[in-house]
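Coordinate inspection notes
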Amino acid sequence: MAPRTVVEQGELEGFAEDSILKFFGIPYAASPVGERRWSAPAAPASWQGVRVAKHFAPACPQTAGASFDLRVAEQSEDCLYLNVWTESNRPDANRPVLVWFHGGGNLGGAGSEEAFDGTTLAKQGATVVTFNYRLGAFGFLAHPSFGANFAVLDHLALLRWVKTNIGAFGGDPNLVTIFGQSAGAVAIRTLLACPEAKGLFHRAIIQSAGFERAAFAPPLSYQRAQQTAEALFTKLGAHDPAALRGVPTDAVKQASHALSGVFPPPGQTHTPANLNWMPIVDGSTVTDDDFAGWPRDVPVLMGCVDNEARYFLKPSGTYPSIVLQTMIKTLGASEAPAVEEALSDLAPYEALDKLFSTAIWLEPMLETVRKFAASDRRFYCYHFARAAPGAIATNELAKHTAEIRYIFGTLADRAYYDSTDQRLAAIMQYAWLSFARTGVPNTPGGAAWPRYDAADPRMAWIEDGIAIRDFPVTPLMTAINKLRERNRH
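The structure contained in this document is the topic of the report that follows. Since we're looking at a predicted model, the values are computed, not measured.

**Concerning the packing of helix 3 (residues 150-165) against helix 4 (residues 183-192)**
- Two elements in contact, helix 3 and helix 4, have axes separated by 11 Å at closest approach and are oriented at 80 degrees. With respect to helix 4, the axis of helix 3 lies roughly perpendicular. Contacts between helix 3 and helix 4 pair Val 152, His 155, Leu 156 and Leu 159 from the former with Ala 187, Thr 190 and Leu 191 from the latter.
- Classifying every residue of the contact of helix 3 with helix 4 gives five nonpolar, two polar and no charged.

Below you can see the structure in the form of structure tokens.
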């Protein structure tokens, strides 16, 4: 018999597979279509009878950005749905809850992506939630005529739904871990600055983004976001809110892509720091207080992967020396001579990877570590450097997104991953789940990972196994950090 459970809106029927109960395509908010486009999400409608929850809902409108197979062909603005994996739907099961925020540059992706399958984590005692949120201009438009941060409001609506309903899936509403990668990590960091998020989560994991703005990049501002919105309105041929809410979805999607910032300036390579559709301080949903939604008893785990840039700078591409020189000047700015010196022993592609990875991820993480430490927050750091055999063969190494399959246990490609990867995946799942349960990441049979301490900065180094090392501060990180210091004064 198919499993059933009851949430606030009505009864759901999911399905059982591989000893796990699965409920897909559950609405957590009303459809943000028509008059609700560019509005805060409304509560989902109730239903009569039993709602079948056996299929993923459509992905939010997107042109690019998904990292893995979406597993759905349809796109729709009616996309505010979630998915649950659990071993028990007993309300007294009190399982730790893991809520995954997908990446994709705020331009693509969905909770249905194949790598985010929650089966393995559910088998280890968690109730796992993935979900969709509005993307591109649909989720990140900022303009006085409409408001701002609609995707962030989606995130808050999702967490409120979890708080109210997750007990129906065996989850403990008082033990919710939010975790996300790339744009999903930006979402996690943003929630730390949302007063309304306080009390909706109890642990947070920030993976490969969500750090301080890159040192070379101009600050994000509501004024700049408003200019992008006005450019969008011009492309759509309307400025009246009612008319804009009536523009066809595909027209908004295409205009959103054109203004997204994915197209680099001449002579440069694209970096995520160029992206335009981002959360913005609006003074209400998102404040300029980085910690307005972060209670002091909520621990954070955060980290990067070793070769973040290789997701964007494909090893199969051609990168002449002039591209490296241009990017040294762009990313290094006034510290370009020191940056060039730090890269002098590397071939052009390896140097470009190191420069890009350091300027966009590693140095911003260093700055965030210092900010968190100065606030006397409890947090833990990791660095993922494992290169699977398939990643070595393609020269992608530990690229952006590389750690995700290890955490979810979706390393199905036996030609790409070997037994070391399978063993490491089990270790990482243990660490993420121990953090979700206790607030402290652990290695099986080993000591707890060290809390970050500015007087003795240490972190977990994830390669073929887990080693505890000093937090690495390289000459290149130091050079780029000097640029940040120079910009402050």
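**Quick word on the nonpolar core**
- Within the largest apolar cluster, 116 residues are counted, with the highest numbers of intra-cluster contacts made by Tyr 28, Val 99, Phe 169, Leu 232 and Met 302.
- Per-element tally for this core: the top contributor is helix 10 (residues 348-374), with 13 residues.
- With 46 residues, the next largest nonpolar core counts Val 72, Val 128, Ile 407 and Phe 435 among its residues.

**Points about the pattern of salt bridges**
- Evaluation of the coordinates by the stated rule reveals 28 salt bridges.
- Two residues, Arg 4 and Glu 11, come together in a salt bridge whose shortest N-O distance is 3.9 Å.
- Classification of Arg 4 as partly exposed rests on a relative accessible area of 37%.
- Note that Arg 405 is salt-bridged to Glu 114, the shortest N-O span being 2.7 Å. Residue Arg 405 is located in helix 12 (residues 404-408), and its partner Glu 114 is located in the loop between strand 7 (95-101) and helix 1 (119-123); the two are separated by 291 residues in the primary sequence.

**Describing the state of the cysteines**
- Applying the stated criterion across every chain, the model contains one disulfide.
- The disulfide partner of Cys 60 is Cys 79, and the gap between their sulfur atoms is 2.2 Å. What sets the handedness of the Cys 60 and Cys 79 disulfide is the S-S torsion sign, and at about 90 degrees it is right-handed. Remark: Cys 79 occurs in the loop between strand 5 (50-52) and strand 6 (81-86) and Cys 60 occurs in the loop between strand 5 and strand 6; sequence separation between them is 19 residues.

**Thoughts on the sheet that holds strand 1 (residues 4-7)**
- Pairing in this open sheet of three strands is mixed, and the strands run 1-2-5 from one edge to the other. Two strands in the sheet have a free side with no partner beyond their single neighbour: strand 1 and strand 5. The mean inter-strand angle of the sheet, taken between neighbouring strand axes irrespective of direction, is 35 degrees.
- When strand 1 meets strand 2 (residues 10-13), the two strands line up antiparallel, connected through four bridges. Bridge pairing in strand 2 places Thr 5 opposite Leu 12.

**Focus on the pairing of strand 4 (residues 20-27)**
- Burial analysis of strand 4 places eight of its eight residues in the buried class, the great majority of the element.
- Pairing geometry for strand 3 (residues 15-17) and strand 4, over three bridges, is antiparallel. Across the sheet, Phe 15 pairs through a bridge with Lys 22, a residue of strand 4.
- As consecutive antiparallel partners, strand 3 and strand 4 are separated by two residues, and within that stretch Asp 18 has a phi angle of approximately 55 degrees, a positive value.
- In terms of strand pairing, strand 4 meets strand 6 through five bridges, oriented antiparallel. Across the sheet, Leu 21 pairs through a bridge with Thr 86, a residue of strand 6.

**Focus on the sheet that holds strand 14 (residues 466-470)**
- Spatially, the eleven strands line up as an open sheet ordered 3-4-6-8-7-9-10-11-12-13-14, and their pairing is mixed. Every interior strand has two partners, whereas the edge strands, strand 3 and strand 14, have only one. Along the sheet, successive strands turn relative to each other by an average axial angle of 25 degrees, direction set aside.
- For strand 13 (residues 458-462) and strand 14, the ladder comprises five bridges, and the chain directions are antiparallel. Its bridge partner being in strand 14, Trp 461 is matched across the sheet by Ala 467.
- Running at roughly 125 degrees to strand 9 (residues 171-181), helix 4 makes contact with strand 7, strand 9 and strand 10 (203-207) of the sheet.
- Packed on one face of the sheet, helix 10 meets strand 11 (300-305) and strand 12 (379-384) and runs near 160 degrees to strand 11.

Rules used in this analysis
Residues numbered from 1 in each chain as written. Predicted model: local features only at pLDDT ≥ 70, side-chain atom pairs only at ≥ 80, totals over all residues. Heavy atoms only, no water. Axes fitted to C-alpha atoms, helices over the stretch in contact; angles between N-to-C directions. Helix = DSSP H or I, 4+ residues; strand = E, 2+ residues; numbered from the N terminus. Parallel < 35°, antiparallel > 145°, perpendicular 65-115°, else oblique. Contact = heavy atoms within 4.5 Å. Nonpolar A, V, L, I, M, F, W, Y, C, P; charged D, E, K, R; others polar. Core = buried A, V, L, I, M, F, W, Y, C linked by side-chain atoms within 4.5 Å. Buried < 20%, exposed > 50% of the residue type's maximum accessible area, 1.4 Å probe, protein only. Salt bridge = Lys/Arg side-chain N within 4 Å of Asp/Glu carboxyl O. Disulfide = S-S within 2.5 Å. Pairing = 2+ DSSP bridges.

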